[in-house]
Amino acid sequence: MSRVEVFLDETPGETRGLIARDGRFERLLVQRADDPAQQRLGARSIGRVLRIETAIRAAFIDLGAEGPAGYLALSGSMRLTEGEAVEVEVSAEARDGKGPALKLIGPATREPGLVASGPDVRSWLQILAPGLVPVTGAAAIQASWEAEEEAMSSGLVLEDLALDLRIERTRALVAADLDWSGGASSGRSARDRANRRGLMETARLVRLKSWGGLVAVDLIGVGHDGESVAAAAKVAFGPEPGLVLGPVNRFGVLMASLPWRWTPVEQRLAGGGEAGSLRRSAQEAVRRLNHALLSDRTVAALILRCSPPEAHLAAPWLTQIGPRARLIADPAIASGQAVMEEV
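Cut-offs and rules
- Residues numbered from 1 in each chain as written.
- Predicted model: local features only at pLDDT ≥ 70, side-chain atom pairs only at ≥ 80, totals over all residues.
- Heavy atoms only, no water.
- Helix = DSSP H or I, 4+ residues; strand = E, 2+ residues; numbered from the N terminus.
- Buried < 20%, exposed > 50% of the residue type's maximum accessible area, 1.4 Å probe, protein only.
- Contact = heavy atoms within 4.5 Å.
- Expected span 1.5 Å × (residues − 1).
- Axes fitted to C-alpha atoms, helices over the stretch in contact; angles between N-to-C directions.
- Left-handed = near helix turned anticlockwise from the far one by under 90°.
- Nonpolar A, V, L, I, M, F, W, Y, C, P; charged D, E, K, R; others polar.
- Pairing = 2+ DSSP bridges.

Caption draft 1: The environment of Leu245, seen in detail. Structurally, Leu245 is set in strand S14 (residues 244-245). For Leu245, a relative accessible area of 28% gives the class partly exposed. For the pair Leu245 and His224, spaced 21 residues apart in sequence, the C-alpha to C-alpha distance is 15 Å. Discounting chain neighbours no more than four positions away, the residues touching Leu245 are Ala230, Ala233, Lys234, Phe237, Met255 and Ala256.

Below you can see the structure in the form of structure tokens.
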């Protein structure tokens, strides 16, 4: 039976939820205090139809919040008009400059605005790993750092199977390449074991990175047993709602389709341009300070010394940590170079 662990890093300003199975991270959920509630997965809002694009059978909905308009695909029976108020639910968060995908609940008579927030990180952990109590505190922060490092990686190497997995996302699809150095002398059974493990790791990394859409897995070799590969893929990707698996083609490539749900992790952790970089450096400084205070409760107080722009962002977050966390805006310190000092 698999051993599942759940972690909840509630650093002020940014909450992270993690799920690990048998010691390997497979979920990293990130929500920030300043995220627009209307843009969160599962949020329900009254929006207004901005425009209708008949060529792609879609409507763009103003959700009344900062960020791009939502995208509502129109089925054959839907009839909307510009300016109409409708109730919608976010079925996939915004990504790559595109607004959140929406599903229609129905017409609305009240003014536009938020009806119900989507689940927060703690709630998603309960949904995805019911019955488990999350680990919190310094251990959860350490786990979030480890999961972040893997989520931002381009693959992994499993020396025991001589397997090198590389994975990347393009505009069109997610491409995973399985490279094997076992050689012909290792036999077909060894190759098949490497392929099965490669499928498991590909599916895990796709979940960890919060990716969706088309996934192409270039398996090791050709001439595969289609039924056994399909069975292995079903185990790897699990009972994911909306999962569609295609057959292995003659080039040894397995195709799968997964629905988008969350904003991709790399966009969360590395997007947003200069403003996003400044926010991340301030947030990381606060996370390091919080980790230090949680790790050693005998320390009377710690001072976070950082650049004035970072201090401006970090000030309300440090207030939430409490009086042991103190802040100095130091013009001599460059952004991203914050230091901690014991009082």
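Caption draft 2: Looking closely at helix H7 (residues 308-321). The end-to-end C-alpha separation of H7 is 19 Å, in line with the 20 Å expected for 14 residues at 1.5 Å each. For H7, the complete set of buried residues consists of Glu310, Ala311, Ala314, Trp317 and Leu318. As for H7, its buried residues are in contact with helix H6 (273-295), strand S16 (302-306) and strand S17 (325-329). Looking one or two places after H7, you find Gly322, whose phi comes out positive at around 120°.

Caption draft 3: View of the packing of H6 against H7. It is the contact of H6 with H7, at a shortest axis distance of 9 Å, that shows an interaxial angle of 35°. Of the two possible hands of crossing, H6 and H7 adopt the one that is right-handed. Residues Leu278, Arg279, Ser281, Ala282, Gln283, Val286, Leu289, Asn290 and Leu293 of H6 form the contact with H7, whose participating residues are Pro309, Glu310, Leu313, Ala314, Trp317, Leu318 and Ile321. In terms of residue class, the contact of H6 with H7 is built from eleven nonpolar, three polar and two charged.

Caption draft 4: How the structure looks around unusual backbone geometry. The phi torsion at Arg57 lies on the positive side, around 50°, for a residue other than glycine. For Arg57, a relative accessible area of 40% puts it in the partly exposed group. Phi angles above zero are rare outside glycine, and Ala162 is one such case at about 55°. The topology assignment puts Ala162 in the loop between strand S10 (155-158) and strand S11 (163-169).

Caption draft 5: Up close: the pairing of strand S6 (residues 70-73). With burial as the criterion, only one face of S6 is covered, namely that bearing Gly70 and Leu72; the residues Tyr71 and Ala73 on the opposite face remain uncovered. Sheet topology note: the S6/strand S8 (residues 101-107) ladder contains two bridges and is parallel. Each residue of the ladder has a partner; that of Tyr71, found in S8, is Ala101.

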